[in-house]
Amino acid sequence: VGLGRVPERDDMAPMGASPALTLSGNGEAQARAKTLADWAQDRLRGALAPTAVQKLVVTSAGLDAAIARVVRYSDLIIVSQPYGEGSTQVQTISLEAVLFGTGAPVMVIPRTAENIGPFERVMVAWDESRQALEAVRKALPALKNATRAKIVMINPPSHSPERSDPGGVICVMLARHGVKADVSILAKTMPLVAEVINRHAQDHAIDLIVMGAYGHSRFREAMIGGATRDMLETARLPILMAH
């Protein structure tokens, strides 16, 4: 089940403002929400899977909690690319709300993506982290349906317990589910890990990238960057993430 929404943002009024001022944009937001819901209903008519559309109107201060509450029972949450040119704060809030507030897998769709799926060639960006393992578990349906699965590691740590066989344990785990994967060890030949991942995915005609999200704190990722932030900003392919 996929769930999507395009929130209409209404900024909060200053402290001490009257309720009438605070809610002055509510009527417009309700109308906009109905327009979006009608658009989604029309687009989903005749879909292969059962669908439902629910409009949501909340103030910006309660947006993250409201989104997490509504979508927490979904099997898969689909969101638009939250960073880069044309992105909005609402998209960033929505992504973080579903990643940290639901436990469900999240698929990020790049703005430039066309004709999404089927995912015949799936690549896992593997760094032995808890987040990456959780992403692999959530991506098992896609991995089992893929015709090819690749495990990609960039500069595996020399102190890792798995240093003698990088990627071997995750391959054994996948094999128990009938997924045969091959491992590629890559050097960080570009300034950003995301650039290496994107280049490898392009060279091997990958359809879907699987990776963990936010190994560091969100504050640190926002201030100094990180693989998650870089991937979300430069995404050219759908990314299936979990935290």
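Here's a quick rundown of the structure. (Residues numbered from 1 in each chain as written. Predicted model: local features only at pLDDT ≥ 70, side-chain atom pairs only at ≥ 80, totals over all residues. Heavy atoms only, no water.)

## Structural notes on the side chain of Asp207
Thinking step 1. Within the fold, Asp207 resides in the loop between helix H8 (193-203) and strand E7 (208-212).
Thinking step 2. Within the local environment of Asp207, its side chain forms a polar contact with the backbone nitrogen of Glu120, the two atoms lying 3.0 Å apart.
Thinking step 3. Residues in contact with Asp207, not counting those within four places in the same chain, are Pro118, Phe119, Glu120, Arg121, Leu237 and Pro238. (Helix = DSSP H or I, 4+ residues; strand = E, 2+ residues; numbered from the N terminus. Polar contact = N/O pair within 3.5 Å; in protein donor to acceptor, adjacent residues only side chain to side chain. Contact = heavy atoms within 4.5 Å.)

## Thoughts on the pairing of E7
Thinking step 1. In terms of burial, E7 is a largely internal element, five of the five residues being buried.
Thinking step 2. Side chains Leu208, Val210 and Gly212 of E7 all project onto a buried face; the interleaved residues Ile209 and Met211 project onto the opposite face, where all are buried too.
Thinking step 3. Taken together, the three bridges between strand E4 (residues 121-125) and E7 define a ladder with parallel strand orientation. By the bridge assignment for E7, Met123 is matched with Ile209.
Thinking step 4. Pairing of E7 with strand E8 (residues 239-242), which is carried by four bridges, proceeds in the parallel orientation. Residue pairing in the sheet places Val210 in a bridge with Leu240 of E8. (Buried < 20%, exposed > 50% of the residue type's maximum accessible area, 1.4 Å probe, protein only. Pairing = 2+ DSSP bridges.)

## Here's the deal with the nonpolar core
Thinking step 1. Counting residues in hydrophobic clusters, the biggest one holds 34 residues, and the most contacted among them are Val106, Ile209 and Met241.
Thinking step 2. Once residues within four sequence positions are removed from consideration, Val106 is found in contact with Ile77, Val79, Leu95, Val98, Leu99, Ile239, Leu240 and Met241.
Thinking step 3. Listed in part, the 26 residues of the second largest apolar core include Val124, Trp126, Val136 and Val210. (Core = buried A, V, L, I, M, F, W, Y, C linked by side-chain atoms within 4.5 Å.)

## Digging into unusual backbone geometry
Thinking step 1. At Asn155, a residue that is not glycine, the phi angle is positive and equals roughly 45°.
Thinking step 2. Examined against the element boundaries, Asn155 turns out to sit in the loop between strand E5 (148-154) and helix H7 (168-176).

## Regarding the pattern of salt bridges
Thinking step 1. All told, the structure shown has eight salt bridges when counted by the stated rule.
Thinking step 2. Across the pair Arg121 and Asp207 runs a salt bridge, and its minimum N-O distance is 3.5 Å. Of this pair, Arg121 sits in strand E4 while Asp207 is found in the loop between H8 and E7, placing the two residues 86 residues apart along the sequence.
Thinking step 3. Among the residues examined, Arg121 registers a relative accessible area of 26% and is labelled partly exposed.
Thinking step 4. The residue Lys150 makes a salt bridge to Asp182 at a minimum N-O spacing of 3.2 Å. Taken together, the residues Lys150 in strand E5 and Asp182 in strand E6 (residues 181-186) connect sequence positions 32 residues apart.
Thinking step 5. A single network of salt bridges, built from pairs that share partners, joins Glu120, Arg121 and Asp207. (Salt bridge = Lys/Arg side-chain N within 4 Å of Asp/Glu carboxyl O.)

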